[in-house]
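The chain contents come next:
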Amino acid sequence: MDTAAQLDLCFAKPEQDDPAIDDLVEFLRGKTWMTARTISATLKWDDRVVRALASASDQIISYPGSPGYKLLSDCTREEYERYRNARLSQARDMAGKVIRTDRIFYRRQTAQI
């Protein structure tokens, strides 16, 4: 792998006022679902940058198993409900995992005292 290419990667989460977010929003306006790969190939951005920018924007939605990224203002009610249900389910699963691991960890801590 080319080391020089790796130096251009941005791993920090973009700020909500990053102008590249506005560029991505404008690019998606009026389009259907688009994958990070398609967006990155078209805009010549690294797909990790696309994902980070989309995640930082409240105007762009995506969810596990979705066909890609889409502008919230272009979504149908059905698309939004599917996104909403998937994200809420993901949040419940994540909270459940923390609760279960808390029980194991803190039970272990109490036994060691």
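Here, the structure is the one placed above.
Residues numbered from 1 in each chain as written. Predicted model: local features only at pLDDT ≥ 70, side-chain atom pairs only at ≥ 80, totals over all residues. Heavy atoms only, no water.

## A short note on the side chain of Ser66
Our working rule: Runs of E in the DSSP output that reach at least two residues are strands. Runs of H or I that reach at least four are helices, and both are numbered from the N terminus. By the criterion applied in these results, polar contacts are pairs of N or O atoms within 3.5 Å in which, for protein atoms, one can donate a hydrogen and the other can accept it, and in which residues neighboring in sequence qualify only through two side-chain atoms.
In this structure, Ser66 sits in the loop between strand 1 (60-61) and strand 2 (70-71). At 3.0 Å, the side chain of Ser66 and the backbone oxygen of Gly68 are in polar contact.

## Focus: unusual backbone geometry
Heads up, the rule is: We call a residue buried when its accessible area falls under 20% of the maximum for its residue type, exposed when it is over 50%, and partly exposed in between, using a 1.4 Å probe and counting protein chains only.
One non-glycine residue, Lys44, adopts positive backbone phi at about 60°. With a relative accessible area of 71%, Lys44 lands in the exposed category.

## Comments concerning the layout of surface pockets
Selection criterion: Cavity: a set of points on a 1 Å grid over the protein atoms alone where a 1.4 Å probe fits but cannot get out. Pocket: an open set with protein on both sides within 12 Å along at least five of seven lines, its lining residues, like those of a cavity, having an atom within 4 Å of a point. Grid points are joined across faces, edges and corners, and a volume is the space filled by probe spheres set on the points. The nonpolar class holds Ala, Val, Leu, Ile, Met, Phe, Trp, Tyr, Cys and Pro. Asp, Glu, Lys and Arg form the charged class, and all remaining residues, Gly among them, are polar.
There is about 240 Å³ of room inside the largest pocket. Among the elements of the structure, helix 4 (47-56), strand 1 and helix 5 (77-112) are those that each provide at least two residues to the lining of the largest pocket. Here the residues of the lining of the largest pocket sort into eight nonpolar, three polar and three charged. Computed from the structure, the second largest pocket encloses a volume of approximately 160 Å³. When residues of the lining of the second largest pocket are traced back to their parent elements, those giving at least two are helix 3 (36-43) and helix 4.

Purely spatial values, then, with no claim about function.
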